[in-house]
Amino acid sequence: MRNFITLIVGLMTISMISACSAEVNETKTEASKAYVDFRTAVEACGQIEDDSVVLPEGTQCDKQAIWNALDAQSKGQFVDAFNALKHIDQIIVDYFDPIEHKQMRLRTGVNVLKDVPIHNEFDLFNYIFKPEKLVFNKNTVSALTVKEEIASNETPNIVTIERNLDNYSITMIKESDNVWRTDWLLDNINTSLEPIFASEAAMQEYAKGNLIEEMKRRTQVRDYFLLKQAVKEERAKALLKQEQQAAN
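Values in this document were obtained by computation on a predicted structure and should not be read as measured data.

Participant: I'd like to hear about the packing of helix α3 (residues 72-95) against helix α4 (residues 101-108), residue by residue, with values.
Facilitator: Relative orientation of the contacting elements α3 and α4 amounts to 150°, with a least axis distance of 10 Å. As the angle between them shows, α3 and α4 are arranged roughly antiparallel. The hand of the α3/α4 crossing is right-handed. Residues I88, D89, I92 and V93 of α3 touch α4, and the partners they reach there are H101, M104, R105 and T108. Looking at side-chain class alone, the contact of α3 with α4 contains 4 nonpolar, 2 polar and 2 charged residues.

This is how it looks when you write it as structure tokens:
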């Protein structure tokens, strides 16, 4: 079983394009403004190669701000993954000899729960999300520029942001607290966390198999106990019968 923790380093695949166009009303709608704020937060944590990326004065890398801007589905994946890690760790405790615990935690990757440490879903996000691997320059600025905002009367709380990068769009969702959040990282989140869920499934199968064996063992022990009890009762009956016959 391999260490399943992977890094989010493929946040975006950017074609090396040089065309540049002004962002369309990016600050005139709440959805587009939220997108630009999120993009700025990611840029602040990445590598800026040239002066084409201009951040607001005083902007600093803030992973908490990036986390807060993720939509509920994206955050939910980390909640599930964190719970999966805890579940795997509990399986190790329940089904492996204590002398094996350290090695099994290393093999499955759940050692990060204590070694990092990871206490919640944000800690997990903070551990695997590596925005410092991202490079921002004039090409990415052009590619990530808002080209069009597509809204629907049927789903007013969902807006699609089309960007200059061909065939690449993201969804902005206005959630129950009236804050616009993004699914920008969702595909990469799913890819990065899938090994955790696969490992949990494998460990569940292991535990299930061991549980079946344990139930067989317990059944055998129970049957043996019942057999001994039955033999004991038969002997007691025979002894009682002998005593009664002797008394007569």
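Participant: Lay out the confidence of the model for the protein chain with the relevant residues and their values.
Facilitator: Residues shown with low pLDDT carry predicted positions that ought not to be read at fine detail. In this model, the protein chain carries an average pLDDT of 79, and 73% of its residues clear a pLDDT of 70 or more. Overall, residues 1-22 carries pLDDT values under 50, and its contacts beyond four positions in sequence, including any with other chains, amount to 71 contacts.

Participant: Please set out the packing of aromatic side chains residue by residue, giving values where relevant.
Facilitator: Summed over the entire model, instances satisfying the criterion amount to 9 aromatic pairs. Measuring from ring centre to ring centre gives 4.8 Å for F96 and Y206, while their planes differ by 10°; the resulting arrangement is stacked. Within this pair, whereas F96 is found in the loop between α3 and α4, its partner Y206 is found in helix α8 (residues 186-247), the two being separated by 110 residues in sequence. Looking at F96, the relative accessible area reads 11%, which means it is buried. Here the basic side chain of K130 rests over the ring of Y127, its NZ or CZ set 5.6 Å away from the ring centre.

Participant: How would you explain the nonpolar core if you had to name every residue and give the values?
Facilitator: A general tendency of soluble globular proteins is for nonpolar side chains to be buried together. Counting residues in hydrophobic clusters, the biggest one holds 47 residues, and the most contacted among them are Y35 and L124. Counting residues per element, the ones that place at least two in this core are α1 (30-45), α2 (63-68), α3, α5 (112-115), α6 (121-128), β4 (158-163), β5 (169-174) and α8.

Participant: I'd love a proper account of unusual backbone geometry, names of residues and values included.
Facilitator: Cis peptide bonds are those with omega within 30 degrees of zero, and the linkage from V116 to P117 qualifies with -10°. On the secondary structure map, P117 appears in the loop between α5 and α6. Positive phi, close to 70°, is recorded for N178, a residue that is not glycine. The residue N178 is located in the loop between β5 and β6 (180-182) in this model.

Participant: Please provide a residue-by-residue account of the packing of α3 against α6, values included.
Facilitator: The angle between the axes and the distance between the axes are what describe a pair of packed helices. For the pair α3 and α6, the least separation of the axes is 8 Å and the interaxial angle reads 95°. When the axes of α3 and α6 are compared, the pair comes out roughly perpendicular. In this structure, α3 contributes F78, V79, A81, F82 and L85 to the contact, and α6 contributes E121, L124, F125 and I128. Split by residue class, the contact of α3 with α6 holds 8 nonpolar, no polar and 1 charged.

Participant: Pulling in residues and values, what's your account of the pattern of salt bridges?
Facilitator: Counted according to the given criterion, the structure contains 5 salt bridges. One salt bridge in this structure joins K33 and D37, with 3.2 Å as the shortest N-O distance. Taken together, the positions of K33 and D37, both in helix α1 and 4 residues apart, correspond to about one turn of that helix. On the basis of relative accessible area, D37 is assigned to the partly exposed category, the value being 42%. Look at the salt bridges and you will find they share partners, linking E175, D177 and R181 into a network.

Participant: An account of the pairing of β4 is requested, with residue identities and associated values reported.
Facilitator: Covered by surrounding structure in β4 are V159, I161 and R163 only, the residues I158, T160 and E162 on the alternate face being uncovered. Two elements, strand β3 (residues 146-151) and β4, share 5 bridges in a ladder whose sense is antiparallel. Bridge assignment links E149 to a residue of β4, and that residue is I161. Joining the antiparallel neighbours β3 and β4 is a turn of 6 residues. Here β4 pairs with β5 via 5 bridges, running antiparallel. For I158, the partnering residue across the bridge sits in β5 and is I173.

What counts and what doesn't
Residue numbering note: each chain is counted from 1, following its sequence as written. Where local features are concerned, this predicted model is filtered to residues with pLDDT of at least 70; where side-chain atom pairs are given and counted, the filter is 80 or more; whole-chain, interface and lining totals use all residues. Think of the side-chain values as coming from all heavy atoms in the structure, minus any hydrogens and water. Geometry is summarised by axes, namely lines fitted to C-alpha atoms with helices restricted to the contacting stretch, and by angles between N-to-C directions that run from 0 to 180 degrees. Each helix is a run of DSSP H or I of at least 4 residues and each strand a run of E of at least 2, with the numbering of both proceeding from the N terminus. Here the angle decides the label: under 35 degrees means roughly parallel, over 145 means roughly antiparallel, 65 to 115 means roughly perpendicular, and every other value means oblique. Left-handed describes a crossing in which the near helix is turned anticlockwise from the far one by less than a right angle; the clockwise case is right-handed. Any two residues whose heavy atoms approach within 4.5 Å are treated as being in contact. For this classification, the nonpolar set comprises Ala, Val, Leu, Ile, Met, Phe, Trp, Tyr, Cys and Pro, the charged set comprises Asp, Glu, Lys and Arg, and every other residue, Gly included, is treated as polar. Predictor confidence is given residue by residue as pLDDT, running from a minimum of 0 to a maximum of 100. Planes of paired rings set the category: under 30 degrees apart is stacked, over 60 is edge-to-face and the rest tilted, where pairs are Phe, Tyr or Trp rings (Trp by its six-membered ring) whose centres lie within 6.5 Å. Three exposure classes are used, based on accessible area relative to the maximum for each residue type with a 1.4 Å probe and protein chains only: buried under 20%, partly exposed in between, and exposed over 50%. Criterion for a charge above a ring: Lys NZ or Arg CZ within 6 Å of the ring centre, and within 35 degrees of the ring normal. Residues enter a nonpolar core if they are buried and are Ala, Val, Leu, Ile, Met, Phe, Trp, Tyr or Cys, with the set joined through side-chain atoms within 4.5 Å. Within this document, salt bridges are pairs made up of a side-chain nitrogen of Lys or Arg and a carboxyl oxygen of Asp or Glu, the two lying within 4 Å of each other. Two strands pair under a simple rule: DSSP has to find at least two bridges between them.

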